[in-house]
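Here are the chains, one letter per residue:
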Amino acid sequence: MGLNVIMMGPPGAGKGTQAGRFASDRGLPKISTGDMLREAVRDKNPTALEAKARMDRGELVDDATMIKIVADRLARPDVRDGFVLDGFPRTVAQARALDELMDRLDSGPLIVVDVAVPEQELVRRLAIRRICSRCGSNADPTGGEAACKQCGGTLEQRADDNQDVVLERLRVYQQATRPVLDYYRDRPTFRVVNGAQAPDHVAHELDAMIEDAARRRNGKGGIS
Ligand code: AMP
């Protein structure tokens, strides 16, 4: 049975960083729909270029496009032992489509973790966030990096991290994505982690929570 994790949370909660850490610790692919879209924009993919205007305004890309992107990605063989999803699902329609996909793949239940952070803190974090213009990785949020640690590329603010767009993204999160938490909340594999703590602390708690959820999911025996 695969270790299939969804990292939920508002923009700026640190879910991308945590998803990346957990995925690399466990040797699982991290599937970030935001990263996939930004990469496709850099490659001048026509569908992604159409989506870019919506992304730049802080709006969601349409469900059909996003569901197709994720369905294609989950059809690849590297997800056999599991995956960590970051940024999907963002609507209840996407969550329903993912459930159907998981049934078809027959790879076990989803473990859903909500990385919860108060809104004031999100606004503060997004204002200082910088990403690499070449490879898209996040810079150290405490600043002090002149260039990307991964590839030496120039650091810049994400087009959708300016203040007006951030407020729109938070509004869209409340309206479209919060209901996804209610969709998952009653499942025995749903967990909430306090994302306002130091990243190492969050990672530690997350790891224990996912381990526990996987154990329950399996009856008792730990992650298989
Ligand atoms: P992120 O990097 O996860 O904050 O995503 C950046 C932007 O990509 C979002 O603001 C949306 O415009 C778009 N996006 C990413 N994932 C999704 C999704 N699952 N559904 C709709 N739009 C998405």
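Here, the structure is the one placed above.
Residues numbered from 1 in each chain as written. Predicted model: local features only at pLDDT ≥ 70, side-chain atom pairs only at ≥ 80, totals over all residues. Heavy atoms only, no water.

Attention now moves to the environment of Cys148. With respect to the helices and strands, the residue Cys148 is situated in the loop between β5 (131-132) and β6 (155-156). Non-local contacts of Cys148, meaning those with residues more than four positions away in its chain, are made with Cys132, Cys135, Ser137, Gly153 and Leu155. (Helix = DSSP H or I, 4+ residues; strand = E, 2+ residues; numbered from the N terminus. Contact = heavy atoms within 4.5 Å.)

It is worth spelling out the site of the ligand at this point. In the vicinity of the ligand lie 16 residues, with Thr33, Arg38, Glu59, Gly87 and Gln94 positioned nearest. Gly87 places a polar main-chain atom, nitrogen or oxygen, 2.9 Å from a nitrogen atom of the ligand. In the complex, the protein chains occlude 96% of the 480 Å² of accessible area that the ligand would expose alone. The greatest single-element share of the shell around the ligand, amounting to four residues, is contributed by helix α2 (residues 33-42). Residues that form the shell around the ligand fall into these classes: six nonpolar, four polar and six charged. (Near = heavy atom within 4 Å. Polar contact = N/O pair within 3.5 Å; in protein donor to acceptor, adjacent residues only side chain to side chain. Areas by Shrake-Rupley, 256 points an atom, 1.4 Å probe, with all protein chains shown as cover. Nonpolar A, V, L, I, M, F, W, Y, C, P; charged D, E, K, R; others polar.)

This next bit is on the nonpolar core. Taken as a class, soluble globular proteins show a tendency for nonpolar side chains to be buried jointly. The biggest cluster of nonpolar side chains holds 25 residues, and the ones touching the most others in it are Ile6, Leu74, Phe83, Leu98, Leu110 and Tyr184. Of all elements in the fold, only β1 (3-8), α3 (46-57), α4 (63-74), β3 (82-86), α5 (92-105), β4 (110-116) and α7 (163-184) reach the threshold of two or more residues within this core. Of all hydrophobic cores here, the second largest spans 24 residues; its members include Leu28, Val117, Leu206 and Met209. (Core = buried A, V, L, I, M, F, W, Y, C linked by side-chain atoms within 4.5 Å. Buried < 20%, exposed > 50% of the residue type's maximum accessible area, 1.4 Å probe, protein only.)

We now examine the packing of helix α1 (residues 15-26) against helix α8 (residues 199-217). Relative orientation and spacing of two packed helices are given, respectively, by the angle between their axes and the distance between those axes. At a closest axis distance of 10 Å, the pairing of α1 and α8 adopts a crossing angle of 55°. Classified by the interaxial angle, the pair formed by α1 and α8 is oblique. Judged by the sense of rotation from one axis to the other, the crossing of α1 with α8 is right-handed. Residues Gln18, Arg21, Phe22 and Arg26 of α1 lie in contact with α8, whose contacting residues are Pro199, Asp200, Val202, Ala203, Leu206, Asp207, Ile210 and Glu211. (Axes fitted to C-alpha atoms, helices over the stretch in contact; angles between N-to-C directions. Parallel < 35°, antiparallel > 145°, perpendicular 65-115°, else oblique. Left-handed = near helix turned anticlockwise from the far one by under 90°.)

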